[in-house]
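# Residue-level structural notes
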Amino acid sequence: MTDHAINFTALLEEVRAFDEHGESNDIVTVSGDDPFAVCQSLFRRLGDRTATDRCEFVMSHTVRRELERTLVRGEPTIGTEPFLERQIRTDVSMPDDVILFADFDAITLGGTVLEPDAVGLGESA
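Before going into details, it helps to say that this report is about the structure given with it. (Residues numbered from 1 in each chain as written. Predicted model: local features only at pLDDT ≥ 70, side-chain atom pairs only at ≥ 80, totals over all residues. Heavy atoms only, no water.)

## Some words on the environment of Val 28
Let me state the cut-off plainly: Per the convention used, a helix needs a DSSP run of H or I reaching at least four residues, while a strand needs a run of E reaching at least two, with both numbered from the N terminus. Think of it in three bands: with a 1.4 Å probe and only protein chains considered, a residue is buried below 20% of the maximum accessible area for its type, exposed above 50%, and partly exposed in between. In what follows, a contact means two residues having at least one pair of non-hydrogen atoms within 4.5 Å.
Along the chain, the position of Val 28 falls in strand β1 (residues 28-32). On the accessibility criterion, Val 28 (1% relative accessible area) is buried. Not counting the four nearest positions on each side in its chain, Val 28 is found in contact with Leu 42, Arg 45, Leu 46, Arg 49, Val 119, Gly 120 and Leu 121.

## Points about the sheet that holds strand β3 (residues 87-90)
Put simply, the rule reads: The pairing criterion for strands is at least two bridges between them, as found by DSSP. In this analysis, axes come from line fits to C-alpha atoms, helices being fitted only over the stretch in contact, and the angle between any two N-to-C directions falls in the range 0 to 180 degrees.
Strand order in the open sheet formed by 5 strands is β1-β5-β4-β2-β3, with mixed pairing between adjacent strands. In the strand order of this sheet, the two ends are held by β1 and β3, each with one partner. When strand polarity is set aside, the average angle formed by the axes of neighbouring strands in this sheet is 20 degrees. In terms of strand pairing, strand β2 (residues 55-59) meets strand β4 (residues 98-103) through 4 bridges, oriented antiparallel. The partner of Phe 57 across the bridge, within β4, is Phe 101. Helix α2 (residues 35-47) contacts β1, β2, β4 and β5 (119-124) of the sheet and is inclined by roughly 160 degrees relative to β1.

Taken by themselves, the reported measurements are silent on function.
The structure is reproduced here in structure tokens:
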């Protein structure tokens, strides 16, 4: 993914359709109530399959604020989580209940999944 304007709502629809059509079981999916825990789980599970040094998080502004609140309220060790070293991008087109974690080359701007094993999708309640 690049810094060009991306409609993440449409991109997420394509990622979900890719996974639902049985094209792959390789897309990591997690769910949870806490954005911190969802990010942590996405990082760990995707890290078992691909190098995460090229991956970045994409989330809504609301989810990022909640993640930041968790960090402020948390213990000092929370701030040392390895996933926090990854880029966290926010976008107005991201739904509030989804966190995307992917290699920026794994999905085209049109939403085509090129490397499903480098894509993680987290859903929060």
